[in-house]
Each structure stands twice: as C-alpha cells, then as structure tokens.
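Below are the chains, spelled out letter by letter.
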Amino acid sequence: MSEAARKTMSAFWVEHSSEATIEEMMLDSRAEVITQLETPEILSMLPPLRGKRLLELGAGIGRFTGHLAKVAAHVTAVDFMEKFVEKNRELNSEHVNISFLQADITQLEMPSNSFDVIFSNWLFMYLTDVELLNLTTRLLSWLKPGGYLFFRESCFYQSGNVRREFNPTLYRMPADYNHILTSGVQRETALGQSLWGFEIVMSKSVQAYIKLKQNQNQVCWLLQKIIRNPSANQGFQTFQQFLDNKQYSRSSILRYEKIFGHGFISSGGLLTTKEFVEVLGLVPGQSVLDVGCGIGGGDFYMAKNYGVEVLGVDLSYNMVEIAMERAVTENTPLVQFEIGDATKRVFDEGSFDVIYSRDTILHIADKEALLSKFYVWLKPGGKVLITDYCCGETPWSTRFQEYVRERGYILYTVPKYGQMLQDVGFTCVRAEDRTQQFMDILKLEQQRLETGRAAFLQEFSEDDYNYIMDGWKEKVSRSADGDQRWGLFVAEKPRECGTPCRPETSPGSKLIAGNPETE
C-alpha cells in the first residue's frame, strides 16, 4: 500500500512541478495574492524562533524558507521534488543558515533531539494514515523535549483552482489529524524510560482563505512534545484525551446540550448568557475572547446581537469540531473557533476588549497564571467576565472530595477567586456567590428534562437520562450542603487615563480592590 501510494504521489507532483512556480506549487492561479495575505498570518502562529534550529518539511520553492531563516539560527529545508529544492536554493541563496535537502519524508532520517521547531506546510495530506502515524513517531524523536510541531493542511475538500487530471490528495477531517498526531509516541530510554507524545496547543482555520475564498478548510495546528503522564490524567495520555473521552465525549456534549439548550453546555444556557453578556456593555466592532467556548452558543449570540468579533477557544477538540460544524449553518463570519490550551496560548498585549469564560477555569491548576495572561491580553479598560464552579470552606464532605478528584477539578472559594483577580492587577472586581441561582437553574433544568423525557429518549438512552437526572440532583444536594458553590466574577483592566471604573453591584456581591463591600 505504501509503495503504491508513494508512486501515485510522485506522479502527481512530477506533473505539477515542471516549471517550479508558486502557482504550480500551490495549485492555484491566485497564489501570489494568497501568499501575500496568508504569510504573515502563518508566521504569527509560530512559537519564538530566534536562535532556534528549525526543520522545514515540504518546503517547496521556499515560500516560507527565507522568512524562517531571517529569525531562526538554522533552517533545514526539505522537499520531495528536486526542481522545488533547486528553486528554493536559488531564491534564498543569500541566507547562509539554510541547508537544502531533497528527500522523501517517509524515508528521511534525522538525529534525535536535533530541532526546536518542525514546520510543515501541505505535506501530511500526501501521506497515508499509516505513513503519517509512522512519521509522527520520528517527528517526536527529532524534536527536543518541549519542542514544537507546526503544520497546515487542506481539510474536507480541494482549495486550489488548478485543474487536475487525477488527485490523490487525502482531504481528511480535522479530527483525523487530531487523532493520528496525538496517537504517536516516542519511548526514550536515555532519560529513564520517558514516554513522549504530542499535545495540541492550538488549531484554527487560516483567515486569509476565509477572507479571499470564504473557505474554512485550510487548518493549522501547533503541537508540543511533552512527557506523557497517564497517572496525572485519569489513565489517559493527555488532559485533552481525558476531556474528550470522559466528560466531553461527543455523545456527552450533545447530551448536555439537550439540557442546556441549543448551542450551550454551561449552566442556564441562553438565559444566563443574556444576563451576563448584558453586564459587559458590548458595542459593535469590539473583540471578544471566549476561553472554554464549548460548542459556541454564547459566541454566536454575542456576534449576532452585539456585532462583536469573537474568537472561541477550547481545549476539547470534540467541542470545537461541533462548533465549527454549527458555524457553517449559523453563517456568522464574525465568529472563529480554535482548539487551544489557554495556559500555553500566546496573544499580543491588548488584543481584546473582553475576555469571557463560562464554567471552564475549574480545570486549571494555576489559575493566577492564567488570569495574569488575561490581564495582558486585554486592552486598557477591557473587561473580564467569568462564571465558575467554586467550593465552600474546608473540610469538605467525603462525597464532594471524591467528585472533585474524579473530575480533576481545582476549586477555590468565591472570595479567594475574587482576590486572585485583584492580585494580578484587575480593579473593580465583583465576586458574587451565585449558588442559589445555580440551584434554581438546576431544578428548572431537571423539570425540563422530566417534561421532555420522551423526546430525550428518542435520541439518547435510559441510562443517559438517569445519568443526567442523578447528576443534577447530586449537584443540588452538594450545593445545599455548602460544599459546591457557583461564582460570578467581573473585573476591569485599569484605563491608561486613570479614569475610575463604575462598578455595578447586585445583592450579595462583594466589591474588592478598594471598593466597599455590600451584603
């Protein structure tokens, strides 16, 4: 199978490399226009390259090679077609820190731990699943610990407009790449039987193709080589796998949505979304980052009703895949989604007017570090709004301790959570215990599920129904006991002009950072 696939792919590229032009390489007559728009976008997604050793796979005629060489200490540029390699060498001859290599990636060998970053553009879609899985193991070997893999592929369907007599390209679903690239592992005995694998840091569509072609099938990934630690992730290789195979499996997500309402998987669904978003005072043209966006209901609501641009980020690729599917039918170009780990994601200072997060940060151990990132990412005067699971004062009941351990939650009291926001620099901090509202919502959702039991069972099982009902009853009970709490937090990054904010208060809120408390 592999040999036949190699011959087919070779024949395809022999046909499309005779002139070694950018139009040939990109299989698109608008290649020059696309390149001008997408190159800075692609480069902006890369980790810091200064002083790093970089391996570029599928380098082609060097569309990115020269840009990479301007920053990296050394670039090894590899391509399958000799004519592309020769053209790359010609176009980037002024750079003395580039090594050019013609090789078939399925046969390529490199020293272990020799690169900080591997960059690949339109290569994996010319490999079979078996070839790609085998390559994943070698990529892990070539990267240094903590090193990064960036790759970009055409998903779903063809993008380029060049006519093709035959087209052996594999237009996979993004989920296929997620699965294959996180399945490969490297065993390294030199460092004490360490087991290494890739974890997804970010995955998103290329905006240039959306703007020029209304095409969301160009997808990029940034992955990091990390030590696999199943004992820290409930027996799964990564925290992402734990989420996507346990609490946020696709069936679990759709089951939750049946309770919270279309597009929502957080408490209160559209009802609480309307209430909390109103607090932010959004105006058209503002930019919003939704951390833990789920399947996108809140993002679509903000974009449609307030005219804001929203970037929804979630660590669960099951969530984001559903959100991206919904984006097609919602027809809201102001909303974009990406798979991303907010604790590792990098945005420029002052990128957003608002950061919004619903029932997500409960998964994060170092909440203060993440809140510090929020502070940097916000513009002066920007607001953050968070709802999250919290806890009562210790000691907790045994059943609550077990619940927290099983879910892998890291919980704080509402006042402690509010204090963390103040400690990282936020002002006008509102820390509100909304547990009673949470309990009321749970009871309403229980009633809705009981009333709609027959409709629920048309899509899900009796076990699913009982799981939801039992879970909701337990949440109410834990909340009534005082162990489980639910908090609403609103805060502001100080304005540069020094103009004081005007915090709104509500019954039961506590205003921190120099403002009087209200009971």
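Everything numeric here is computed off the predicted structure, so don't read it as measured data. (Residues numbered from 1 in each chain as written. Predicted model: local features only at pLDDT ≥ 70, side-chain atom pairs only at ≥ 80, totals over all residues. Heavy atoms only, no water.)

Engineer: Please clarify how helix α16 (residues 414–423) should be interpreted in this entry.
Structural biologist: Each α-helix turn comprises 3.6 residues. Residues three or four places apart therefore point the same way. For α16, the full list of buried residues reads Val414, Tyr417, Gly418, Met420 and Leu421. Looking down the long axis of α16, one finds its buried residues gathered within 150° of arc, a one-sided arrangement. Backbone nitrogen of lysine 416 and a side-chain oxygen of the N-cap are separated by 3.3 Å at the start of α16; the cap is threonine 413. In the stretch just after α16, glycine 425 is the one whose phi turns positive, near 120°. (Buried < 20%, exposed > 50% of the residue type's maximum accessible area, 1.4 Å probe, protein only. Helix = DSSP H or I, 4+ residues; strand = E, 2+ residues; numbered from the N terminus. Arc of directions from axis to C-beta. Polar contact = N/O pair within 3.5 Å; in protein donor to acceptor, adjacent residues only side chain to side chain.)

Engineer: What is the right way to read the pairing of strand β9 (residues 287–291) from this model?
Structural biologist: With respect to burial, β9 is a largely interior element, 5 of its 5 residues being buried. Side-chain alternation along β9 places Ser287, Leu289 and Val291 on one buried face and Val288 and Asp290 on a second face that is also buried. Where β9 and strand β10 (residues 309–314) come together, 5 bridges link them in parallel fashion. Bridging from a neighbouring strand, aspartate 290 pairs with glycine 312 of β10. Following the chain from β9 across helix α12 (residues 297–306) to the adjacent parallel β10, one finds a crossover that is right-handed. Bridge count between β9 and strand β12 (residues 352–358): 3 bridges; the pairing is parallel. Looking across to β12, one finds that aspartate 290 is bridged to tyrosine 356. (Pairing = 2+ DSSP bridges. Right-handed = clockwise from strand over helix to strand, strands pointing away.)

Engineer: Explain the environment of glutamine 422 here, please?
Structural biologist: Its place among the elements puts glutamine 422 in helix α16. Among the residues examined, glutamine 422 registers a relative accessible area of 26% and is labelled partly exposed. Along the sequence, glutamine 422 and glutamate 492 sit 70 residues apart, while their C-alpha atoms lie 9.7 Å from each other.

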